[in-house]
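Take a look at the letters that make up each chain.
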Amino acid sequence: MNNKTIKSILIITGCFFISFCYAQNWDINLLENINPQHPNSFVWKTATNTTYPVSVSIPVGMFVYSKISKDKNTEEKSYELAGSIVIAGIATEGTKIIFNRQRPYEKYNTIYSNSAETGKSFPSAHAAIAFATATSLSLEYKKWYVVVPAYVWAAGVGYSRLYLGEHYPTDVLAGAVIGAGSAVISYWIIKKVFK
């Protein structure tokens, strides 16, 4: 990554966080329209519950396959995918500590949660991990039949967090940006290490 790219990423991120400060009314209004009074859809609960198993099983499966088939290229890709998830997890938890934002159902009695998770709201770790996985897969396997399902799944995870009342839209958007950015950073690092 060159200095111009890094500068552009920092400017975009700064603009996003500034707009975040002024977006609260839009944020809660959109969430109220998505979150039902009884958020118990099997589809959206399943989407949320697939995040960590899918995101962990893909790099583990790739690594196991690479060892069985002695495929160094797939092994490298498994490290990249795992790295993106680790970077996204660390970045997300650090950001949660900095912003310390309450979950929407804790602050508004018009938002209904299915499971009342603990922890802070901003950003969504589920969205970050899902988008880190989808972006890493898309960087390595540039076929539509990989890219489209990966991002449809990641978007479904993000939407499920809103439907279930666990996050604001800006939480999910920030998680998606962190996840995608983590994948790009991991991709860059792995390419440098294995060059």
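Before going into details, it helps to say that this report is about the structure given with it. Each chain carries its own residue numbering, running from 1 in the written order of its sequence. Per-residue local features are limited, in this predicted model, to residues with pLDDT of at least 70; the limit for side-chain atom pairs, both in listing and counting, is 80 or more; totals at the level of whole chains, interfaces and linings are taken over all residues. Neither water nor hydrogens contribute to the side-chain values; these are computed over all heavy atoms in the structure.

1. Quick notes on the overall build of the protein chain
And then number 1: Numbering of helices and strands starts at the N terminus; helices are DSSP runs of H or I of at least 4 residues and strands are runs of E of at least 2. Within the protein chain, the secondary structure is distributed over eight helices and zero strands.
And then number 2: Its helices and strands in sequence order give the protein chain the pattern α-α-α-α-α-α-α-α, from N to C terminus.
And then number 3: For each residue, the accessible area found with a 1.4 Å probe, counting protein chains only, is set against the maximum for its type, and the residue is called buried under 20%, exposed over 50%, and partly exposed in between. Of all 195 residues assigned to the protein chain, the portion counted as buried reaches 43%.
And then number 4: Pairs of residues are marked as contacts when any of their non-hydrogen atoms sit within 4.5 Å. Considering only intrachain contacts with a sequence separation of at least 6, the fraction spanning at least 24 residues in the protein chain is 80%.

2. Quick notes on the side chain of Ser160
And then number 1: Secondary-structure assignment places Ser160 in helix 7 (residues 144-163).
And then number 2: Residue classification places Ser160 among the buried residues on the basis of a relative accessible area of 0%.
And then number 3: Not counting residues up to four positions away in its chain, the partners in contact with Ser160 are Trp44, Ala47 and Thr48.

3. Overview of the packing of aromatic side chains
And then number 1: Only centres within 6.5 Å qualify two rings of Phe, Tyr or Trp (six-membered ring in Trp) as a pair; their planes then separate them into stacked at under 30 degrees, edge-to-face at over 60, and tilted for everything else. A full pass over the atoms with the stated rule returns six aromatic pairs.
And then number 2: When the centroid spacing of 4.7 Å and the interplanar angle of 55° are considered together, the rings of Trp44 and Tyr159 count as tilted. Within this pair, whereas Trp44 is found in helix 3 (residues 42-69), its partner Tyr159 is found in helix 7, the two being separated by 115 residues in sequence.
And then number 3: Ring geometry for Phe99 and Phe122: centres 4.7 Å apart, planes at 65°, overall edge-to-face. Residue Phe99 is found in helix 4 (residues 72-99), and its partner Phe122 is found in the loop between helix 5 (104-107) and helix 6 (125-140); the two are separated by 23 residues along the sequence.
And then number 4: Overall, Phe99 belongs to the partly exposed group, its relative accessible area being 32%.
And then number 5: Here the basic side chain of Arg101 rests over the ring of Tyr168, its NZ or CZ set 3.7 Å away from the ring centre. Criterion for a charge above a ring: Arg CZ or Lys NZ at most 6 Å from the ring centre, at most 35 degrees from the ring normal.

4. With respect to the packing of helix 3 against helix 4
And then number 1: One can describe the packing of helix 3 onto helix 4 by two numbers: an axis separation of 8 Å at closest approach and a directional angle of 160°. For the element pair helix 3 / helix 4, the angle class is roughly antiparallel. For the crossing formed where helix 3 meets helix 4, the hand is left-handed. In this structure, helix 3 contributes Ser55, Ile58, Pro59, Met62, Phe63, Tyr65, Ser66 and Lys67 to the contact, and helix 4 contributes Thr74, Glu75, Lys77, Ser78, Tyr79, Leu81, Ala82 and Ile85.
And then number 2: When residues are sorted by character, Ala, Val, Leu, Ile, Met, Phe, Trp, Tyr, Cys and Pro go into the nonpolar class, Asp, Glu, Lys and Arg into the charged class, and all the rest, Gly among them, into the polar class. Of the residues contributing to the contact of helix 3 with helix 4, the split by class is nine nonpolar, four polar and three charged. Axis definition: a line fitted to C-alpha atoms, over the contacting stretch in the case of helices. Angles run 0 to 180 degrees between N-to-C directions. Small angles under 35 degrees read as roughly parallel and large ones over 145 as roughly antiparallel, with 65 to 115 read as roughly perpendicular and the rest as oblique. Two helices cross in a left-handed way if the nearer one is turned anticlockwise from the farther one by less than a right angle. They cross in a right-handed way if the turn is clockwise.

5. What about unusual backbone geometry?
And then number 1: Phe122 connects to Pro123 through a cis peptide bond whose omega is -5°.
And then number 2: Among the structural elements, Pro123 can be located in the loop between helix 5 and helix 6.

Remember, this is a structural readout, not a statement about activity or role.
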